[in-house]
Amino acid sequence: MEEFSSNSVRDIRPPMNKYTPSMWGDIFSTFSSDDQMQETYAKSIEAGKKDVISMLMNTSSGNLIVLLDTIEHLGLAYHFETEMKQKLDEIYNLNQEFDLFTTALRFRFLRQHQYQVSCDVFDKFIGKDNKFEDIHSSDVEGLLSLYEASHVRVHGESVLEEAVAFTTEHLTRLEQEFQEPSVSKEKVKQALQQPLHKGVPIFNIRRYISTYERDESSNQLLLELAKINFNFLQNLYKTELSQLISWWNKFDLKSKLVYARDRIVECYHWGVAANFEPQYSHLRIAFAKSMKLASIIDDTYDNYATLAEAELFTQHLERWNMENIDQLPGYMQIVYRFIMSIYEDYQHDATTHDKSFAPPYFKETVKQLARAYNQEQIWIMEKQMPSFEEYMKNSVITSCIYMMFTALIPGIKSATKEDIDWLLSEPKIVISTAMIGRHLQDLSSHERENRKGKLLTVVDCYMKDRNVSKQEALAKFVELVEEGWKNVNTEWVMQTNRSAPKEILKLLLNYARVADDTYKNYFDGYTSPENGVATQIVALFVDPIII
């Protein structure tokens, strides 16, 4: 590994990663909304809602559980919040025996909606050896349902740990045994790639509509309504994305900051993942802008600035004004003005949405993020890694969770000053969500970040701190992600902190989901979207569903 002398290290630029340009060109910037078509979609949705409500009111028992799950998978649940809640209470209070498929479906669905359900409901399917009975090993629908239920497990649920192993083994076997393409084979393949609970709702919706359409038992009324609803949402997303790109292009940072990733479409992709429903337009835009801000700051510290420049930039951010900005290098002046522009917009939005308490918090989280990136670069460039625990404490901040979630506050109607105070008080679900994202990103990017062995990464930090091999370190990070998911599930389902605002909890859960999706299989889908994320973007924002 290349060595730097102590006298020169502060003035050396890190080896620069050269990122590919945005792959989207002018696809979204030239979009023009068809208001007449949107109005037609809206009228069709309103007409169809009456039939679905009637269907809900006239369905009961196991069929009701399936219907509720189908409505949610098709992306229609937000139209029926009152009716869904009423029926959720009904299935929660059901006192009857079900088969494996329905038992597991009821368990998962209720837990995902924050109902506390004991995993003891699975005891009747366990044999004398504390294993699931072999009679279930070829029940495809039962195995799928149990597999999905196992992913809402919390700490200490040994029956669900056994369920993960049992269902994964037999679903993998069954996938290989399917001779011809079928809906069942596609369901199994998708489940093994991405469990429902860890999947992003809007991504799942687009896939599920395609699968449901080929299911002989599908309800045609629900299917048609889901298609219309998705196309309505897609047109809304296109409009928002077009406006966002117009905002981004006015800065022209893609030509001014050649070291930075131009990924505004991918940032919006995360915003839609956070909350897909129509009423969260402001929140989606805010999410994308804050993620773009974090990405620019990250690339400035990590991919270009010398330690001396990074320290100077951090000091200027602490002062938070435009005085003496000419002391900064030219490229940093550009970044600094970009930050100030976003802050001015944030102040305006906070005032407009009666959230005037928020700007001081947002300002402080941006400063905090810069300090954390600066500290990380000092460790990396000086090759003086701290303990793994100290590195992880800093990584909670560089996960960007505090800055990005504070940025969302004006877009959350119910948000209060107390909610930001709670968010910044290091509650377990916030820390766990941050670390899921951080570990997944580290798993996917450590090869790029080490610059062909020239720089240290968090993987090197763990190897040195615990005296383990690289393979053992990576395996530990995978384990830490799973532990993080159990923590998030516990906080979500058990509601251990009842003062936590549900809207923010939902955003945290979806943040963990989109991180899991973007960085799965050790691949950074944000930096290199062409190998996975791009397919989702086309499905969500380009190709309408044929009705």
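Per-chain numbering applies: the sequence of each chain, read as written, is numbered from 1 onward. Note on the predicted model: pLDDT of at least 70 is required for a residue's local features to be given, and 80 or more for side-chain atom pairs to be given and counted; whole-chain, interface and lining totals, by contrast, use all residues. As a rule here, side-chain values come from all non-hydrogen atoms in the structure, and water together with hydrogens is ignored.

## What to know about the overall build of the protein
Then, in step 1: The helix and strand tally for the protein stands at 23 helices and zero strands.
Then, in step 2: C-alpha atoms define the radius of gyration, and 2.2 Å times the number of residues to the power 0.38 defines the globule rule. Here the C-alpha radius of gyration of the protein, 24 Å, is about what a compact globule of 547 residues would show, namely 24 Å.
Then, in step 3: Dimensions of the protein along its principal axes, counting C-alpha atoms only, are 75 × 60 × 45 Å.
Then, in step 4: Accessible area is worked out with a 1.4 Å probe on protein chains only. A residue is then buried under 20% of its type maximum, exposed over 50%, and partly exposed in between. Here the protein, with 547 residues, has 57% of them falling under the buried criterion.
Then, in step 5: Pairs at least 24 apart in sequence give 76% of the contacts found in the protein among residues at least 6 apart.
Then, in step 6: When the accessible surface of the protein is totalled, it reaches about 23300 Å², and 49% of it is carbon and sulfur.
Then, in step 7: The centroid of the 59 positive side-chain charges in the protein is displaced by 3 Å from the centroid of its 79 negative side-chain charges. The numbering of helices and of strands both runs from the N terminus, where a helix is a DSSP run of H or I of at least 4 residues and a strand a run of E of at least 2. Contacts: residue pairs with any heavy atoms within 4.5 Å of one another. Residue-level accessible areas treat just the shown protein chains as cover; the underlying method is Shrake-Rupley with a 1.4 Å probe. Neither His nor the chain ends is counted toward charge; the positive residues are Lys and Arg and the negative residues Asp and Glu. Note that the charge is assigned to NZ on lysines, CZ on arginines, CG on aspartates and CD on glutamates.

## Description of the side chain of T457
Then, in step 1: Mapping T457 onto the fold places it in the loop between α19 (428–449) and α20 (458–466).
Then, in step 2: Excluding its chain neighbours within four sequence positions, the residues that come into contact with T457 are M385, H446, E449 and N450.

## Details of the nonpolar core
Then, in step 1: What we call a nonpolar core is a set of buried Ala, Val, Leu, Ile, Met, Phe, Trp, Tyr and Cys residues that are connected through their side-chain atoms within 4.5 Å. Judged by nonpolar contacts, the single largest core of 185 residues is most densely connected at I71, F122, I202 and I339.
Then, in step 2: The element that contributes the greatest number of residues to this core is helix α9 (residues 220–249), accounting for 14 residues.
Then, in step 3: Sequence-distant contacts of I202, defined by excluding residues within four places in its chain, comprise F230, Y237, V272, A273, F276 and L540.

## Looking at the pattern of salt bridges
Then, in step 1: Take a side-chain nitrogen of Lys or Arg and a carboxyl oxygen of Asp or Glu: if they are within 4 Å of each other, that pair is a salt bridge. A complete count under the given rule lists 37 salt bridges for this structure.
Then, in step 2: When the shortest N-O distance is used, the salt bridge between R13 and E309 registers 2.8 Å. Placement of the pair is R13 in the segment before α1 (35–57) and E309 in helix α13 (residues 307–319), with a sequence separation of 296 residues.
Then, in step 3: Taking the shortest distance from any N to any O, the salt bridge between E364 and R371 comes out at 2.9 Å.
Then, in step 4: Judged by its relative accessible area of 33%, R371 falls in the partly exposed class.
Then, in step 5: One continuous salt-bridge network, built from bridges that share partners, spans R153, E161, K198, E482, E483 and K486.

## Side note on the environment of I12
Then, in step 1: Note on placement: I12 falls in the segment before α1.
Then, in step 2: For I12, a relative accessible area of 23% translates into the label partly exposed.
Then, in step 3: C-alpha separation for the pair I12 and E309, spaced 297 residues apart in sequence, amounts to 9.9 Å.

## Looking at the packing of helix α11 (residues 264–274) against helix α22 (residues 502–518)
Then, in step 1: Look at α11 against α22: their axes get within 8 Å of each other, and the N-to-C directions meet at 135°. On the basis of the axis angle, α11 is oblique to α22. Remark: the crossing between α11 and α22 carries right-handed chirality. Counting all contacts with α11, which are made through W270, A273 and A274, the residues of α22 involved are L507, N510, Y511, V514, A515 and T518.
Then, in step 2: As a working rule, the residues Ala, Val, Leu, Ile, Met, Phe, Trp, Tyr, Cys and Pro are called nonpolar, Asp, Glu, Lys and Arg charged, and the rest polar, with Gly in that last group. For the contact of α11 with α22, a count of residues per class yields seven nonpolar, two polar and no charged. Orientation is described by lines fitted to C-alpha atoms, with helices fitted over the stretch in contact, and by angles between N-to-C directions that extend from 0 to 180 degrees. With respect to orientation, any angle under 35 degrees is reported as roughly parallel, any angle over 145 as roughly antiparallel, any angle of 65 to 115 as roughly perpendicular, and every other angle as oblique. By convention, the crossing between two helices is left-handed when the near helix turns anticlockwise from the far helix through less than a right angle, and right-handed when the turn is clockwise.

## Description of the packing of aromatic side chains
Then, in step 1: Pairing of aromatic rings covers Phe, Tyr and Trp, the last counted by its six-membered ring, and requires centre-to-centre distances within 6.5 Å; plane angles under 30 degrees mean stacked, over 60 mean edge-to-face, and any other angle means tilted. Within the structure shown, the criterion is met by 30 aromatic pairs.
Then, in step 2: These aromatic residues form a ring-pair network of at least three members: W24, F28, Y237, Y268 and F541.
Then, in step 3: Throughout this description, the term charge over a ring refers to an Arg CZ or Lys NZ atom that lies within 6 Å of the ring centre and within 35 degrees of the ring normal. Against the face of Y304 rests R13, its NZ or CZ located 4.2 Å from the ring centre.

## Concerning helix α23 (residues 533–541)
Every α-helix carries 3.6 residues per turn, so stepping three or four residues along brings you back to the same face.
Then, in step 1: Where α23 is concerned, the buried positions are V533, A534, Q536, I537, L540 and F541. The arc enclosing the buried residues of α23, seen along the axis, measures out at 155°, which places them on a common side.
Then, in step 2: Against α8 (201–213), α9, α11 and α22 lie the buried residues of α23. It is the directions from the helix axis to the C-beta atoms that the arc portrays.

## Details of the confidence of the model for the protein
Interpreting fine coordinate detail is not advised for predicted regions of low pLDDT.
Then, in step 1: You can read pLDDT as the predictor saying how much it trusts each residue, on a scale of 0 to 100. Put simply, the protein has an average pLDDT of 94, and 98% of its residues get 70 or more.
Then, in step 2: Every residue in residues 1–6 is under pLDDT 50, and counting partners more than four places away or in other chains gives 12 contacts.

## Quick look at unusual backbone geometry
Then, in step 1: In this model, Q114 sits at a positive phi of 70°, which is unusual for a non-glycine residue.
Then, in step 2: Along the chain, Q114 falls in the loop between α4 (100–112) and α5 (140–150).
Then, in step 3: Judged by its relative accessible area of 9%, Q114 falls in the buried class.
Then, in step 4: Phi angles above zero are rare outside glycine, and D354 is one such case at about 60°.
Then, in step 5: Structurally, D354 can be placed in the loop between α14 (330–352) and α15 (359–382).
Then, in step 6: The exposed category is assigned to D354, whose relative accessible area is 66%.

## Details of α8
Then, in step 1: To estimate the expected span of a helix, subtract one from its residue number and multiply by 1.5 Å. The first and last C-alpha atoms of α8 sit 18 Å apart over 13 residues, in line with the 18 Å expected at 1.5 Å per residue.
Then, in step 2: Residues I202, F203, N204, I205, R206, I209, T211 and Y212 constitute the buried set of α8.
Then, in step 3: Tucked inside the fold, the buried residues of α8 contact α2 (61–73), α7 (183–193), α9, α11, α22 and α23.

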